[in-house]
Every structure is written in C-alpha cells, then in structure tokens.
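Below, each chain spelled out in residue letters.
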There are 2 protein chains.
Amino acid sequence: MTHLFDEPSDFAASALRGYCDVHSRLVRPTEGGVLRATATPDGKVAVVVGGGSGHYPAFAGYVGAGFADAAVAGDVFASPSTRYIRSVCARAHRGGGVLLGYGNYAGDVLNFGLAAEQLRADGIDVRILAVTDDVASAAKDAQAKRRGVAGDLAVFKLAGAAAEAGQTLDAVERVAQRANARTRSFGVAFGGCTLPGGDGPLFTVPDGRMAIGLGIHGEPGVDETAIPSAAELAALLVDRLLGEAPEQPGTRVAAILNGLGSTKHEELFVLWSHVGDRLREAGLELVAPQVGEFVTSLDMEGCSLTLTWLDDTLEPLWLAPCDTAALRIGDAGAAVAAPIEEETPPVEERWPDATPDSQAAGRLIADRVGSLARALAEAEPELGRIDAQAGDGDHGQGMTRGSAAAAAAAAAAAQQGAGAASVLGAAADAWADRAGGTSGAIWGLGLRSASQSLDDGTAIAADQVARGAERALEAVMRLGGAKPGDKTLVDALEPFVRVLAGRIDDGAPLAEAWRDAAEAADAAASETARMLPKLGRAARIVERSRGHRDAGAVSLALCAKTVLGGG
Amino acid sequence: MTHLFDEPSDFAASALRGYCDVHSRLVRPTEGGVLRATATPDGKVAVVVGGGSGHYPAFAGYVGAGFADAAVAGDVFASPSTRYIRSVCARAHRGGGVLLGYGNYAGDVLNFGLAAEQLRADGIDVRILAVTDDVASAAKDAQAKRRGVAGDLAVFKLAGAAAEAGQTLDAVERVAQRANARTRSFGVAFGGCTLPGGDGPLFTVPDGRMAIGLGIHGEPGVDETAIPSAAELAALLVDRLLGEAPEQPGTRVAAILNGLGSTKHEELFVLWSHVGDRLREAGLELVAPQVGEFVTSLDMEGCSLTLTWLDDTLEPLWLAPCDTAALRIGDAGAAVAAPIEEETPPVEERWPDATPDSQAAGRLIADRVGSLARALAEAEPELGRIDAQAGDGDHGQGMTRGSAAAAAAAAAAAQQGAGAASVLGAAADAWADRAGGTSGAIWGLGLRSASQSLDDGTAIAADQVARGAERALEAVMRLGGAKPGDKTLVDALEPFVRVLAGRIDDGAPLAEAWRDAAEAADAAASETARMLPKLGRAARIVERSRGHRDAGAVSLALCAKTVLGGG
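Residues numbered from 1 in each chain as written. Chains lettered and ligands numbered in written order. Predicted model: local features only at pLDDT ≥ 70, side-chain atom pairs only at ≥ 80, totals over all residues.

### Comments concerning the overall build of chain A
Moving on, step 1. For chain A, the count of helices and strands is 17 helices and 15 strands.
Moving on, step 2. Taken over the C-alpha trace, chain A has a radius of gyration of 24 Å; the compact-globule value for 567 residues is 24 Å, and the two agree within 12%.
Moving on, step 3. Oriented by its inertia axes, the alpha-carbon framework of chain A measures out at about 75 × 55 × 45 Å.
Moving on, step 4. Burial analysis of chain A (567 residues in total) assigns 63% to the buried set.
Moving on, step 5. Considering only intrachain contacts with a sequence separation of at least 6, the fraction spanning at least 24 residues in chain A is 72%. (Helix = DSSP H or I, 4+ residues; strand = E, 2+ residues; numbered from the N terminus. Rg over C-alpha atoms; globule rule 2.2 N^0.38 Å. Buried ≥ 20, exposed ≤ 12 C-beta atoms within 10 Å, placed from the backbone. Contact = placed C-beta atoms within 7 Å.)

Following this line, the structure appears as structure tokens:
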C-alpha cells in the first residue's frame, strides 16, 4: 500500500516536486506539470502528454529529448484541469503546433478536448490523440471506446520521435494515429493499489487468483482464473494480442512488458523469458523490447503486455534516440540546457467595456456565486458523506474549492467593472482551474457555456437565462458523456433546465421559473442520492474513474436553490 | 507477493535468462552470471560483483560500460557457488586483475573469499571488497560487521568508474575501500517480501507500523514506530546518517533513495522532496542524486537512504559516464559489441599419477560418497521437516543435490584412475558447485580441506584421516564463522572430529575411532535438532540469511554414520 505522504491531498504535487528536483537535468517544473529542461528549436512540434498522477513514469517521466516536450499532471488518478493543460501547452509551444496525447478516459477526454479548443482560439494549432490500446476494455469493433494503458509509452514515444525529427504537425499527428491503431495491450492483476491515505486497496483479487483484463484504476476485468505458471501467463497474453493484430501487421513488433507496481523486476524477466520465446515462435521479430515499469498504478500487483506492430514509418522512430527518466535509447545528443524563461506573471485581466446595467448584473452574479460558495462550504461534510456511498468522498471538497475560487474571481471581476457575461465567465474558469478533476471541468464548462448567452452591454433578460441554461446542459452532456439516469449531476441539471426554459418560454417571471426549476432539480437529486448506495463497489470504482456517479446531482440542486434564495 | 514463476527453484535462472534477452545490448549470459556485451580493452581491471538473486537490478543490472564488467548470480537470497564466481571472474579477466565486490553476508564472504583464493592460485590477481554500509546492522565501532545494502550501487559504481578510467588494480581497490568507508545507509520497512512459491511474507510489520533498520532479507530492525509522515521519515533517515559521517566528510554527497520493491516511485519522490531539502539545510551539496530501485528485495515494502561523502577522488568517478540497466549517466561512448567468444568447453579432467594403493583408496572413497548420497536422498523429506522448524525447509534438497553431484564426480574420477586425494577433491568441488548456497560451500570446503591431508601416492593412513578431519573443522569454523552451540553443523562436526582424532591418536583402529566419533556426532546432532523448534521466527530468518541454524548437524551425523556403515 501507499505509506509515504504528508497530506494525502498534496501527494501528487509533492511527488512532482521531488521528481523535478532529482531529474533537473531532464525537466523543469511549470504550473500544472513539467517542461523539458533542454532546449528545443523554434518551429518544432511540441508533444505534450498527460493525465492523472499515480502512474509514474507516466507522464512526467516521458519528458526529454526525443520523446515528449512537456507533461501535465493531475491529482492521483484524476485528469488535470483544462487551465493547467492549456498553460503547459502554451509554454511548451515553439511555433510548430502541439500534439496533445492522453489516455482515453472521460475526464481526460473532456479536459484535454476543452484545452485544445481554447488553445486553438488562442491561435495555437493543436491536435489531440486519445490512446486506446487496452483490448480488454471494449470489443474489437468498438476500438474508440477502449481505454489507454501501457500503450501510452509506445504511442507517445513514436510521436515524440517524429516531432524530434522535424516533422510537421500533420505528419506527427498521422504517426500518433498510426501508432495507436497498431498498438494493443492486455493485462492481468493480482491485487489493487491503495490511494495515499486510503484505508485499503481499491480492489482485491482472492488469494491464488488472477483477474484478467483489469484496468489500471481497478476497472473490472473480463475474467478470473487461478494464477497460472509464468509460461501459461505468457501464452495467455501473447495469444490474445496476436488475435488482435492490425491490418497488414508485418512481422516486426515493439513489445513492452509492463509492471504495474508490485509485480517485480525478476518476475517480469521470468515472464519475459516465455513471452519472447512465444512471440518468436509466432514468427515475429522483436525490436528493442522493453521490460520494466512504464505505466504503473501506484503499488498495484499485476502486469500487461503491449505490442506495437511496426512498419517502415514506425520502426526507425521506435529506435530513434531518446533520453528520459522512463526510457533511454541510444545517444540523444549533447543536452543543451533550455534558456531560463521567466515564468510569465499572470496577465492583469482586462474586461470588455460594460454598460452600467450589465455591471450591476455582474455584481448580482458575483453576489450569488458568493452565496453558493458559502452554501457549498457549509454542505461539504454532507456532500462528502453522500459521495462516500458512491465514490471516494471528495466531492464536497472539490465543490468547495471550485466555488470559492469562482466566487473570488467573480467578485474581483465585478469590482473591476466587468459586465454580466465577463463575470460569469471569470467564475467559470476559476472553478475549473481550482476544483480539478471531472466535476471541476463540468462546472466550468457549464458556467462558461451559460455565460455565452449573456453579454456585457445589457442587464440579464429571462430569455438569455433560458438559452444559457440550455447551452450549459447541451455542453455538459456532449462533452461529459452522461445522460439522465446515469446518476450524475445531469440527473438534476436536465429537469432544472427543462422546467426553467419551459416556464420562461410560457411567460413566467424569471424568479418564479427558477423556483419551479430548482424544485424539479431537488426532486431528481433526491431520487439519485437514494440510488447511490445501491451501486456495487466495483461499478462505483469504475464510474469514479470515468467521472460519473457522485453527489453531483445533490450539489447542483443545492446550488440552484441557493441562487434562488438570494432573490 | 511473488506470483510469476514456473518452478520456484528455477526462478533465479529464468529471471537471468529473461534479463539477458531483453538487455542483450548490455550483457551476455555466461555460466553462473553475465558478462558485458561490449568490448573492454586488454589489461583493464575487471570489476566483478555479485550475490544472491531477488535484488534486481543488483547485481546483473550493474553490468555495462563504466560500471561492472560481470556479475555472478546466486539463487534467490543465496550466495553463488565458489565455482560460478571463479568461472565468471576467469571469463571477465582481461589481464589487469579482478576486483570482486559483494555485500557483507556470511555465505557471500565464504564463497567469494574462496573463489578469490582459487583464482590467485590460478595466477589471477584478485582483490575482494565486502560492502558494509548498513548502519543499523552493527555499531559504529564494529563497521566490519555491518551488512551491505544499497551502498552496493555507490561503491561498485565508483570502483567501476576507476577501472574504466584505466586505473591499476591497486588503485581500483583503494577507490573501492575509500568508497565503502565513506558510504552509509539506513532503511525502514512496512512489510516483507514473499519468496517464489512461499506461502506468505518472510516477515510482517503490524498495520500502521514501520520497522526501522530492517535488513533486505528481513533481518530484524532496531526499532518499530507508527508510520511517520514523509517529512518525519526524511528527518529520521537523514539525521541518522549525518550522525555517522566519516572523517573529513566535506560537503558534497552522492545520495541514493532506494525503493525495496513495493514502495513506489511517487512515494519515493514525495520522500525525496523532504530528504533533498533537509540535506541542503544541513549544508550539503547533492551530486547527481538517484531515486529509484537499485537494490530491491523482491516485493518488500520499504526504502533506504544512502549517502556517499564524496571527495576530489570520488566525485569525478561518481559523475563519470556509465551505461547499465540500473543506472545511466552521461554518454558512455559508442558501444562496441564484444567479440563473440566461444564458451570454453569444460576441460577434460587430468588426474595426477596415482599408485595402485591410492587408486584403491580412491575407489573406496567414491563408494562411500555414493552410499552417503543414497542415504541423504532417502532422508531428504525428514531433513526437510527438521529444517522447516528452523528455516525454509530446503536443507534436504540442497544436501541431496550436492551429494549426488559429489558421488558422480568421485565415481568418474575413481574410474579414470585418480588417487584418494583427487577423488575426494573432485567430490568436494562438485558438491559446492551443485548444492549452492552456504551449506554447499561449507561441505565443499570441508571435504576439500580433508582431501589435502591425503595424497595420490599411498593408501589412507588413520593419521591422515585424523589430520584431515581437523583441517576440515578448522576451515569450516574459520570461513563459515560458526562455533559449537550456534545450532549449525559445527555442533556435530566438532565432537566428531575431537573424538575421531583423539581415539586415533590413542592408537584405536580407524573403524573403531570412526564409530565412536559418529556416535558423538549423533548425540550432539540430536540435541541441536531438539533445540531448533525453540528458536523464534525472526531469529530463524536472520540466521538463515547468514547461513546458520539449519538441519546441518543432523545431516552431518547421518553422513558420519553412513560412511561407517559401509565398512
């Protein structure tokens, strides 16, 4: 289990600090992640990778010459916030565009996708690539639904080598897509990891048994069996992957035998002695195979095998030099320290000109966001209690942190004379940045979407509120991937928006429409909260890792009521 | 726990095979270990390291340019045999002599020491260095009794760099001694590893507790405490080591924060963030600090901190390039594959000329060794049962394997016309090679010593037997480090030799003297066997790792009786 930490909530940040200190030759810290410590030429495509912490050397350990330019690090098993992704990318950008790589998990898809949109709006060409190598996580014909595991190493390394070779962003994106399309992984587990400060493992496997196809956050496997011999396990892993070979596979493969944490080096070498034999017996030639820890899951017991079927494009990129903590191949050239860049101080916000009416509306919004933050802070223990039935009990903390940041940002903007749209937009961004994880991204996205129906030139009309609420719901459902009934905040948001827009469109006054909508949200949230304890533990863990099923509906209803209470 | 293996007894050999396959760029397999795969110049000092398996990357992962030339690998947590050490050294030797490095454990001290003597007899200049960095294992004024843990990495790396720089054997030996004298480690544990095929961990630490100063084979610690925060643990480790600084410490240190197996990367980085701060606050400058897994103990939970106080000699050696699986620093130069060497086929034994009398005595010895091997094979389950009360129950297997090899070698030698001394010597060497571990080395040493009182020119005189037995006892006690009463085979060997020599010196016939001696051995062995179950579990584990306290007295008595039974 994980024993070494100070405050569990500081674990990821402290680990990153220690990593940067030890590996200062390779990386330097930046807000939300790490950048290469060595110089890269202007115009080079920046390969930026990231995801939750707890998977070292993924992802900060991939940064260095010949591999990634930067990595973004979220909290343990949680996606980094959109703002951090955006900030790291902006600093890593050298004018050649950015390839943004991550594993295919809901929170990451959401935050990396949003960051890419925002960066494009800032004029940076960004391409995204979600790795989908885990054959156990969805069927062959649903490859886009598969999650990313140790294939991250191969896909990002190949993209990084293409970028290092001076290829264009189009070409680097094609390499990443091709690498992902030709990469497959399959894993097994003997026991689960324990989160810092956690009471026990995320999951257990019975003594003498092995879970097949388990995910790196404890997502359920496809089967369970008695622990086989090393030779039998090698056959299981190899045969499953060979049955998933891509089109025109060729005969040359990069193989990665990856330990998840507590399955140790010598065990991996014993297993490799059979894996290597079996792959060769199948007529494959092994190109620079790797055995070690490349994508871990804290101290999880288990391992996975990854194969990337190489071709004339990919093989030289796989063999190209790189110099990182995770992987070192050949001689990546004399390291030239990157020029010391002053971390750009936060830019003083400049708000669009606003009319006095809109400024007044902005102050009202700031006031209501303040009430909402106080209500959430008061409800934090209760939200935590409800969330603990369905997840790890940190929903209240995330909501409190996000709403407090939103209230402060909104108050500052209002005080600086910003209009309604700008104040709500400022609240949205601050919430997403500080809350982190999926719920922070969802709330930031919802509020930001709603703000786009407002403007800085008028007071708030009821119709703008109705359209803004609809935009928020649409964005949350589209990018968050949840539908009503999934036991998420959508369960409460959908009736809220439906009633709010319906009553406004029927000509009801805003305050009355909002009251009815808040009641509908509350009723739906109560029903969802009643269902949460009925979810099985395994389902809860999986859904947590996908950002679903927490106390989100309850906190949404609370927020709806609180805003109303303000008048 | 350790889950991946085929036959537990094949674990170490399979792991080595897999390692050599994956890292063929760095190493090539040889009998008993690995050699560098890259060329080294003639006349270069060969740095050969080794010890038991289960500690990867120690020791095979240290082989490569700028570091070790070869590594010898024993079974899991067991010293390699003298013959394997000798064979690996002979192949690694490039004419400049050999520095032989290992951790300070009884089995290793014995086997590496014997191998060094034999290599010197073969004309190769060999120096030995037992690493003694673990401050928890003996007091400050008894540094020579301290065991070797993660300081191996620093000491062997520094010696390897000196050898790579073309220094003479004298100079390399001085560097190794200086490095060892300036290196200190201190560790903690949260839980024990499980041997391949083992039912449970070698030791446990209560939930929420931390053992302080525990050894890498589970040797008892010096204290136990509640698990502290990372900051508190950093203070504990740093302060203890700073209190052990060598003379003229200077201000520049190499620091190694080493994970033992299941204490994972991000935990180590969290801990490092405090260790680094605290060392700097103490006025020290950190030179290329290392955080990772360098000397493990299978899947043991725990970590250790090592400091090597550098000076003008050591610092450039610490920073010198090296290219190994465990550690890669700078650019170690273009790798030139070593010339493919045919593994020399085993040399046909040529025996010294022997008289017919001595040949007859040789045949008698071969016959008795054969009886003894059959008796041991028959007694294997019973010896295993007795040993299980005091160790891991493999004593019977080791004795059966060793005696069978000895019987085969003796029979071959006798059949080829060897005399008494040669036949017994052949039996001795085969026993040590095949049995492995400490008991194999002890039996090989005892028989080899006894054979030196015989010759190939005469029949066997009673006086030769008496003097041979005394030589065997003296060698076993001197090199094995056990005294009567330590619950080892010395408990039975000492009375056997005392009675045998005494009765012969009193003029008794050999058969009668032997019968009395065997009875004395049997009585002593019975008493020892009676005491074995009374040993505490912790003591048993420690003593096993030092090669003490097994069913050795019982098997010695059995052998004494069996030889007698033959006439």
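### Re the relation of the copies chain A and chain B
Moving on, step 1. Once turned by 180° and shifted 0.0 Å along the axis, chain A lies on chain B with an RMSD of 0.1 Å. Considering both components of the superposition, the chain copies are consistent with a two-fold axis. If distances are taken from each C-alpha of chain A to the rotation axis, the shortest is found for A:Ser262, at 2.4 Å.
Moving on, step 2. Interface residue correspondence from chain A to chain B reaches 100%, placing this contact among same-surface, isologous pairings. (Least-squares fit on C-alpha atoms with pLDDT ≥ 70 in both.)

### Let's talk about the sheet that holds strand β4 (residues 70–76) of chain B
Residue and element names in this part refer to chain B.
Moving on, step 1. The six strands are arranged β1-β2-β4-β3-β5-β6 in an open sheet whose pairing can be described as mixed. The open sheet terminates on both sides in strands that have one partner only, identified here as β1 (27–30) and β6 (126–131). Taken over all neighbouring pairs, the strand axes of this sheet differ in orientation by 25° on average, direction set aside.
Moving on, step 2. Sitting on the sheet, helix α3 (residues 106–121) is in contact with β3 (46–53), β5 (98–103) and β6, with an inclination near 170° to β6.
Moving on, step 3. The sheet contacts of helix α4 (residues 151–164) involve β3, β5 and β6, and relative to β5 the element is tilted by about 175°. (Pairing = 2+ DSSP bridges. Axes fitted to C-alpha atoms, helices over the stretch in contact; angles between N-to-C directions.)

### Here we look at the sheet that holds strand β1 (residues 27–30) of chain A
Within a beta sheet, neighbouring strands are joined by backbone hydrogen bonds and run either parallel or antiparallel to one another.
Residues and elements named next belong to chain A.
Moving on, step 1. The strand order across the open sheet formed by six strands is β1-β2-β4-β3-β5-β6, and the pairing between neighbours is mixed. Of all the strands in the sheet, the pair left with one neighbour each is β1 and β6 (126–131). Within this sheet the neighbouring strands show an average axis-to-axis angle of 25°, counted without direction.
Moving on, step 2. Taken strand by strand, helix α4 (residues 151–164) contacts β3 (46–53), β5 (98–103) and β6, and its axis lies near 175° from that of β5.

### Considerations on the interface of chain A and chain B
Moving on, step 1. Counting from both sides, the interface comprises 42 residues of chain A and, opposite them, 42 residues of chain B.
Moving on, step 2. The set of elements that each furnish at least two residues to the side of chain A that touches chain B consists of α1 (11–22), α6 (230–242) and α7 (265–281) of chain A.

### Side note on the confidence of the model for chain A
Residue and element names in this part refer to chain A.
Moving on, step 1. Of the residues in chain A, 92% reach a pLDDT of 70 or more, and the chain-wide mean stands at 89.
Moving on, step 2. Every residue in residues 537–548 is under pLDDT 50, and counting partners more than four places away or in other chains gives 27 contacts.
Moving on, step 3. For this predicted complex, the interface confidence comes out at an ipTM of 0.81, alongside a pTM of 0.82. (pLDDT = per-residue confidence, 0-100.)

### Focus on helix α10 (residues 395–415) of chain B
All names here are of chain B.
Moving on, step 1. Between its first and last C-alpha atoms α10 spans 30 Å; for 21 residues at 1.5 Å apiece the expected length is 30 Å, and the two agree.
Moving on, step 2. Among the 21 residues that make up α10, 16 are buried, leaving the element largely enclosed by the rest of the structure.
Moving on, step 3. Once α10 ends, the next one or two residues include glycine 417, with phi positive near 90°. (Expected span 1.5 Å × (residues − 1).)

### Things to note about the pairing of β5(B)
Residues and elements named next belong to chain B.
Moving on, step 1. With six of six residues buried, β5 is to be regarded as a mostly interior element.
Moving on, step 2. The pairing of β3 with β5 spans five bridges and is parallel. Each residue of the ladder has a partner; that of glycine 50, found in β5, is tyrosine 102.
Moving on, step 3. Pairing analysis gives six bridges linking β5 to β6, with the strands arranged parallel. Bridging from a neighbouring strand, tyrosine 102 pairs with alanine 130 of β6.

### As for the packing of helix α2 (residues 82–92) of chain B against α3(B)
Residues and elements named next belong to chain B.
Moving on, step 1. Close contact between α2 and α3 brings their axes to 8 Å; oriented N to C, the two are set at 50°. In terms of orientation, α2 and α3 fall into the oblique class. Judged by the twist between their axes, the crossing of α2 over α3 is right-handed. Of α3, the residues touching α2 (which contributes Thr82, Ile85, Arg86 and Cys89) are Asn111, Phe112, Leu114, Ala115, Gln118 and Leu119. (Parallel < 35°, antiparallel > 145°, perpendicular 65-115°, else oblique. Left-handed = near helix turned anticlockwise from the far one by under 90°.)

### Re the domain arrangement of chain A
Residues and elements named next belong to chain A.
Moving on, step 1. Each assigned domain of chain A is listed with its residue range as follows: domain 1 (8–329) and domain 2 (356–565).
Moving on, step 2. With centres defined by C-alpha atoms, the gap from domain 1 to domain 2 works out at 34 Å.
Moving on, step 3. The partner domain 2 presents 19 residues to the 21 residues of domain 1 that form the contact.
Moving on, step 4. At the level of elements, β4 (70–76), α2 (82–92) and α3 (106–121) are the ones that each hand at least two residues to the side of domain 1 that touches domain 2.
Moving on, step 5. No other element matches the six residues that α3 contributes to the side of domain 1 that touches domain 2.
Moving on, step 6. Class assignment for the residues of the side of domain 1 that touches domain 2 results in nine nonpolar, nine polar and three charged. (Domains from an automatic or database assignment. Nonpolar A, V, L, I, M, F, W, Y, C, P; charged D, E, K, R; others polar.)

### Considering α2(A)
Moving on, step 1. Burial within α2(A) is extensive, with nine of its eleven residues counted as buried.
Moving on, step 2. Taken residue by residue, α2(A) has A:Thr82, A:Arg83, A:Tyr84, A:Ile85, A:Arg86, A:Ser87, A:Val88, A:Cys89 and A:Ala92 as its buried positions.

### Some thoughts on unusual backbone geometry
Moving on, step 1. Along the chain, A:Tyr56 connects to A:Pro57 via a cis peptide bond; the corresponding omega equals 10°.
Moving on, step 2. By the secondary structure assignment, A:Pro57 is in the loop between β3 and β4.
Moving on, step 3. A cis amide bond, omega 5°, links B:Ala58 with the succeeding residue B:Phe59.
Moving on, step 4. Within the secondary structure layout, B:Phe59 lies in the loop between β3 and β4.
Moving on, step 5. A positive phi angle, close to 55°, is found at A:Phe77, a residue other than glycine.
Moving on, step 6. Examined against the element boundaries, A:Phe77 turns out to sit in the loop between β4 and α2.

### Some remarks on the packing of helix α14 (residues 490–505) of chain B against helix α15 (residues 510–531) of chain B
Residue and element names in this part refer to chain B.
Moving on, step 1. Where α14 contacts α15, the axes come no closer than 8 Å and their chain directions differ by 155°. Judged on the interaxial angle alone, α15 and α14 are roughly antiparallel. Viewed along their axes, α14 and α15 form a crossing whose handedness is right-handed. Here Asp491, Ala492, Pro495, Phe496, Val499, Leu500, Arg503 and Ile504 of α14 come into contact with α15, specifically with Leu510, Glu512, Ala513, Trp514, Asp516, Ala517, Ala518, Ala520, Ala521, Ala524, Ala525 and Thr528.
Moving on, step 2. For the contact of α14 with α15, the per-class residue count stands at 15 nonpolar, one polar and four charged.

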